[in-house]
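Architecture and fold: a report
Each chain is listed here by its residues.
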Amino acid sequence: MCGIVGYVGARDCTQVLLDSLAKLEYRGYDSAGIAVLDNDVITTCKAQGRLANLEERIRQQGGIKGHCGIGHTRWATHGEPSDINSHPHGNAVVSIVHNGIIENYKTLKERLEKKGYTFISQTDTEIVAKLLDYYYNGDPIEAIRKTEARIEGSYALGILFRDFPNTIYSIRKDSPLIVAKGDGEAFIASDVPAILKYTKEYYLLESGEIAILHEGVASFMTLDGDPIEKELLVANWDMEAAEKGGYEHFMLKEIHEQPTAIKTTIAPRIVDGMPDIEECGVTLQMLKNFNNIFVVACGTAMHAGIVGKYVIEKLARVSVTVDVASEFRYRNPILSPDDLVILVSQSGETADTKEALRLSKDRGAKTLAIVNVKGSSIAREADYVLYTHAGPEISVASTKAYMVQIAVFYLIAFELAYAKGQIDEDECRRLTKELSSVPKFIDVILAQKDNCQYVASKLVNAENLLYIGRGLDYALSMEGSLKLKEISYIHSESYAAGELKHGTISLVTDQMPVIAVVTQRDLFDKTISNVKEVKARKAQTFIVTHQYINIDDDVADYKIGIPTIDDMLMPMLAVVPLQLIAYYTSVLRGNDVDKPRNLAKSVTVE
Ligand code: G6P
């Protein structure tokens, strides 16, 4: 979603802002803009569309000189994507960039209109800019404090005041913001990758704190004006991790990073061949005593939770309920202090997941976060955290984050099953060893990716598609279908193979290719029967299954064979061809793979 950057220092500010905004492109956006403060003048430039449009417009303006400025990539919420609705907003005196949503903007707008203000955009952000202007009386902090007291909702703000050269002010509530420290220079950013080119050192701004970046030095104060000493953090991601490294797209790079991501995530949690997640504070005893487990997440992270449900229920015999966070929040869930709610999130900032966490805590349940981004809101607010170590995921379509989320679910399932006495130590060791062998098998699948390219060439003109499977294969086909939808824009659905004939099979024709995931050998014959049913209705069929299993030509038009490990772990292998099929289909359709239309990497609004 929207991205914020800001810079004060000796460098050419416009260049730094554009570089840093480029690093936030992955969050998803539809317009961009910058404002630079130089010699008591705020110069603003904005453009709908990609950053290249903004660069071109700045060039046409003859460049913008200065050493202090703010920038923004906007993902439209209030008002369509347009030049006017793009940030920064403001006037000659004050200029702001904003992430989040101002919920009481209509009331504030009416009041400001009565005081003679007029508005040119449809955004909630413009109201904040006008409010700051209204309260500004020569004292920026006073204006910020009074504005803060009036606005409701979530926000991270970067603010310039014309009268205060070489200074950026910042404040936030519920939308993340970091303040980074360079050598005689300082930055604000909504996400770490934006600043990695310049520095790795940063502070996390907390809700209700004001940051002041003056002459390249950052300081912090409470709303009451008391100074705050903050801990300086060091990003453990490097620039390389946020670059394409020779791959055509981030998505392809991230698919290839999965073996390493799995190793980095599971290795510290395997002790003497046994799973061990106690590092997060959840002991075997606690794990054993939870009555119910809920998994709450959005998008791909929710799909990881569904795999988690199947595996935990199968192995540990503990019931698991998986909810989409936006539904969980409003369905008045029944929770007690003996329940565990697992929140899964790559970014750790997804608004609905964050609110689901708060609701769970309010109701007394214990909360465990499976999160990739260190220090993110969900990681900080949950009772316990298990970080996934996928490194930065830049492509909007999540791949490696999903992979490590399910790896963590396997560890939880093994440990819980052992704690409950559902599997003995030998079995627990065997499963843990199998899990450790996954990376080398993924390498084998990656080496045969031309199979997936071939399948993509067959799908490229499809308008609709079905993914089918049973059990864990069904859980996985949900993710395969979402991946394809997100980046190829082909309509697809995943269906429980056995449920197909209760309605959906009426859609099957020679124009409806079907991808069947058939890795669960106890369900093999049943799923193959379902494949035959769609084949009989002239669907083109593609099967992802074990390499060693032969599939007759009259069942599948094409088979993608993958190596065999314990069926329980097959989702970790079978997801890779599904990711690659989606990737190559998107490439063949000429789409913007890493930045699909309308989507945002981190959804920080409800
Ligand atoms: C967005 C992204 C998805 C992601 C989902 C949840 O929709 O485009 O890729 O799965 O948010 O994000 P999270 O950061 O909570 O995992």
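Note that the structure is a prediction, hence the values are computed from the model and not measured. (Residues numbered from 1 in each chain as written. Predicted model: local features only at pLDDT ≥ 70, side-chain atom pairs only at ≥ 80, totals over all residues. Heavy atoms only, no water.)

**Comments concerning the overall build of the chain**
Broken down by element type, the chain carries 18 helices and 27 strands. Relative to the 2.2 N^0.38 estimate, which gives 25 Å for 606 residues, the radius of gyration of the chain is 25 Å and therefore close to what a compact globule would have. Within the chain, counting contacts between residues at least 6 apart in sequence, those at least 24 apart form 71% of the total. Here the chain has roughly 22,600 Å² of accessible surface; of this, 47% comes from carbon and sulfur atoms. Of the side-chain charges in the chain, 65 are positive and 82 negative, and the distance between the mean point of each set is 3 Å. (Helix = DSSP H or I, 4+ residues; strand = E, 2+ residues; numbered from the N terminus. Rg over C-alpha atoms; globule rule 2.2 N^0.38 Å. Contact = heavy atoms within 4.5 Å. Areas by Shrake-Rupley, 256 points an atom, 1.4 Å probe, with all protein chains shown as cover. Lys, Arg positive; Asp, Glu negative; His and termini not counted. Charge placed at Lys NZ, Arg CZ, Asp CG, Glu CD.)

**Some thoughts on the layout of surface pockets**
A volume near 560 Å³ is recorded for the largest pocket. Lining the largest pocket are 27 residues, with Cys298, Gly299, Thr300, Ala600 and Val603 sitting closest to its centre. Elements supplying a minimum of two residues to the lining of the largest pocket: α9 (299–316), β20 (340–345), α11 (351–362) and α16 (472–488). Top element by residues in the lining of the largest pocket is α9. It accounts for 5 residues. (1 Å grid on protein atoms, 1.4 Å probe; cavity = no way out; pocket = protein on both sides within 12 Å on 5 of 7 lines; lining within 4 Å. Points joined across faces, edges and corners; volume = space filled by probe spheres on them.)

**A few points about unusual backbone geometry**
What you tend to see is this: most non-glycine residues have negative phi, and most peptide bonds are trans. Cis geometry marks the peptide bond from histidine 87 to proline 88; its omega dihedral reads 0°. Its location among the elements puts proline 88 in the loop between β4 (68–74) and β5 (89–90). Located in the positive-phi region is tyrosine 489, a residue other than glycine, with phi close to 65°. Inspection of the secondary structure puts tyrosine 489 in the loop between α16 and β24 (491–496).

**A short note on the sheet that holds strand β7 (residues 153–161)**
In a beta sheet, neighbouring strands pair by backbone hydrogen bonds and run either parallel or antiparallel. What the 7 strands build is an open sheet, ordered β5-β6-β7-β8-β12-β13-β14; its pairing is antiparallel. Each end of this open sheet is capped by a strand with a single partner; those strands are β5 and β14 (227–228). Packed onto the sheet, helix α4 (residues 125–135) meets β5, β6 (94–102) and β7 and runs at close to 135° relative to β6. (Pairing = 2+ DSSP bridges. Axes fitted to C-alpha atoms, helices over the stretch in contact; angles between N-to-C directions.)

**Some points on the domain arrangement of the chain**
With domains assigned, the chain is organised as domain 1 (3–243), domain 2 (251–436) and domain 3 (445–588). Between the C-alpha centres of domain 1 and domain 3 there is a distance of 45 Å. (Domains from an automatic or database assignment.)

**Here's the deal with the sheet that holds β20**
Read across the sheet, 5 strands follow the order β19-β18-β20-β21-β22 without closing on themselves; strand pairing throughout is parallel. This sheet does not close on itself; its edge strands, each paired only once, are β19 (320–324) and β22 (384–387). This sheet shows a mean twist of 20° between the axes of neighbouring strands, independent of strand direction. Here β20 pairs with strand β21 (residues 366–371) via 6 bridges, running parallel. Paired with serine 345 across the two strands is valine 371, which belongs to β21. Of the strands in this sheet, β18 (293–297), β20 and β21 are in contact with α11, which crosses β20 at around 165°.

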